[in-house]
Amino acid sequence: MKPGLKKTLKVSLISLGSLLGLCIVAVAAVLWLVLTPSRLTPMVEKAANTYLDADVRVGKVDVTFFSTFPRFTLKIDDGELVRHMTGADSMSSSRPYRDSLLRFARCRVAFNPIPLLKDNRIVIGRVLLDSARVYAWRDSSGNANWNVMPAAGDTVTAEDSAPSGGFKPKSVVLRSLRIRNADIIFNDRSTDVYAMVRDVNSRIRLGAGVRGAAAAVELSCGNLFFMQQRNVLVRRTALSLNTDVGFNADSMKVVLRNADLGINDISLSLNGTLRGDSARRAVDVDLAFGAVAPSVEKALNLIPESVVRHQDLTADGTVMLEGTVRGSYGNGLMPTVSLCLKIDDASAHYKGLPYGIDSLTADFDAFVDLAREQESYLDLKIFKLRGNDIDV
């Protein structure tokens, strides 16, 4: 190598190293002197309160860079999001927890600063929400505490936020969302539905386009409780869900493709669409499902104990179930459920009772209107029963 070229290369490397070192020192100085938790916490609270129709409170906000290089990681501890409820939307002052839509112990947001500096885009690589509690509540008039996005006329624009030092990015892209050890409560007084899901763990991988988005969803929960009109329909039920989801922003339609829904030891296939209707404050539902239960006993465990007593029950046989859920869910609206159930060579006995079912084969269709506007019915096609001196 020529001496002149060697010297030039050496000077270039030294200059590049010095520049890199200067950048590292600058970043360290910004993190240690400017972006301290005492400065960041009120900044994050102010930004969230500006863009959301809610009161956002956090205990501590910190940012790291070197341990997560080349990404910045925003650490938020002890956060709470409270919906602004006034006038007719206000909740009872004796039960203020209804206003609190979300509480969490820890939230971690990892993002890449390059797209932000290059073309004013925020690309969030991962969001982790740990030890969270969600309370979604809607009163009998249809007013809900999850409507935290401001109305179109109240949206803060870039010009409005510029004087205070804010900005509006071109786009915000989220790549991955993980929820760990969360409890979710859904209390809808307009339809008299109450659901509680314990120990929710979820991983969602997202991809966004111009007019929509797609996601791969993995979800599990340890315990589901579901009640309608004070009738307990599901309790002590474990759930799992694996599916690909598509979303079209123009039609507000969510598409489920080949969803695998697990209920205890029973696996259901699920396909269909959900479409939001903002005018009616409702969701239009069109879902089809199918399942094959490994045994009649496990299928009977899904039926509320107010209908079938589970204690001391032994059962055998196979069950095949197909059906649809169609209609609208919203303020005073409930969908209809159509079922096709086939039972093959089943048996059932209660311990200590002299009678039971030695053999049962059945094939019937059922229709249930959850809103009770149409007459529900059962259409029995095949029914063969033998047991306790009965042969039908």
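Here is what the cut-offs are and how they apply
Within every chain, residues take consecutive numbers counted from 1 along the sequence as written. The predicted nature of this model means local features are confined to residues of pLDDT at least 70 and side-chain atom pairs, given and counted, to a pLDDT of 80 or more, with totals for whole chains, interfaces and linings taken over all residues. Heavy atoms from the whole structure form the basis of all side-chain values; hydrogens and water molecules are not counted. Helix and strand assignments come from DSSP, with helices taken as H or I runs of at least 4 residues and strands as E runs of at least 2, each series counted from the N terminus. Exposure categories follow from relative accessible area, calculated using a 1.4 Å probe and restricted to protein chains: below 20% of the type maximum is buried, above 50% is exposed, and the middle band is partly exposed. Residue contacts are defined here by distance: any two heavy atoms, one from each residue, within 4.5 Å place the two residues in contact. Under the convention used here, a 1.4 Å probe and the Shrake-Rupley method define accessible areas, while residue burial counts only the protein chains that appear. To estimate how far a helix should extend, the number of its residues minus one is multiplied by 1.5 Å. Each direction from the helix axis to a C-beta atom contributes to the arc, which is the arc of those directions. Throughout this description, the term salt bridge denotes a Lys or Arg side-chain nitrogen within 4 Å of a carboxyl oxygen of Asp or Glu. At least two bridges found by DSSP between two strands are what make those strands a pair. Whenever a nitrogen or oxygen atom comes within 3.5 Å of another N or O atom, the pair is scored as a polar contact, on the condition that within protein one atom can donate a hydrogen and the other can accept it, and that pairs from neighbouring residues in sequence are kept only if both atoms are in side chains. Every residue is assigned a pLDDT by the predictor, reflecting its confidence on a scale from 0 to 100.

### Re the overall build of the chain
Here comes step 1: Looking only at helices and strands, the chain has five helices and 17 strands in total.
Here comes step 2: The burial tally for the chain puts 34% of its 392 residues in the buried class.
Here comes step 3: A sequence separation of at least 24 residues applies to 52% of the contacts in the chain between residues at least 6 apart.
Here comes step 4: Of the accessible surface of the chain, which amounts to about 23,300 Å², a share of 58% is contributed by carbon and sulfur atoms.

### What to know about helix α2 (residues 37–51)
Along an α-helix, residues three or four positions apart point the same way, because every turn accommodates 3.6 residues.
Here comes step 1: Taking 1.5 Å per residue as the helical rise, α2 with its 15 residues ought to reach 21 Å, and the 21 Å between its terminal C-alpha atoms agrees with that figure.
Here comes step 2: Among all positions in α2, only Leu 40, Thr 41 and Ala 48 are buried. All buried residues of α2 lie within an arc of 105° about the axis, which places them on one face of the element. For α2, the exposed residues lying more than 90 degrees away from the buried face are Ser 38 and Lys 46.

### Let's talk about the pattern of salt bridges
Here comes step 1: Across all of its chains, the model carries 13 salt bridges by this definition.
Here comes step 2: Note that Asp 277 and Arg 280 form a salt bridge whose closest N and O atoms lie 2.8 Å from each other.
Here comes step 3: The shortest N-O distance in the salt bridge between Lys 381 and Asp 365 comes to 2.9 Å. You can see Lys 381 sitting in strand β16 (residues 377–387) and its partner Asp 365 sitting in strand β15 (residues 356–369), a full 16 residues away along the chain.
Here comes step 4: A cluster of three or more residues bridged by salt bridges with shared partners is formed by Asp 55, Arg 57, Glu 80 and Arg 103.

### Topic: the pairing of strand β4 (residues 121–138)
Here comes step 1: Where strand β3 (residues 100–112) lies against β4, ten bridges are found, and the strand directions are antiparallel. Looking across to β4, one finds that Val 109 is bridged to Val 127.
Here comes step 2: Two strands pair when backbone bridges link them, and β4 and strand β6 (residues 176–188) are joined in this way by ten bridges, in the parallel orientation. From the neighbouring strand, Arg 133 faces β6, where its bridge partner is Asp 183.

### A look at the side chain of Thr 324
Here comes step 1: By the element assignment, Thr 324 lies in strand β13 (residues 313–330).
Here comes step 2: Given the relative accessible area of 14%, Thr 324 is considered buried.
Here comes step 3: A polar side-chain atom of Thr 324 sits 3.4 Å from a polar atom in the side chain of Arg 326.

### Some words on the confidence of the model for the chain
Here comes step 1: Scored by pLDDT, the chain has a mean of 76; 72% of the residues are at 70 or more.
Here comes step 2: Mean pLDDT in the chain bottoms out at helix α4 (residues 158–161), which sits at 46, and peaks at β6, which reaches 92.
Here comes step 3: Ignoring residues within four places in sequence, the model shows residues 17–33, a span with pLDDT below 50, making twelve contacts including any to other chains.
Here comes step 4: Throughout residues 153–165 the model reports pLDDT below 50, and contacts reaching past four residues in sequence, or to other chains, amount to ten contacts.

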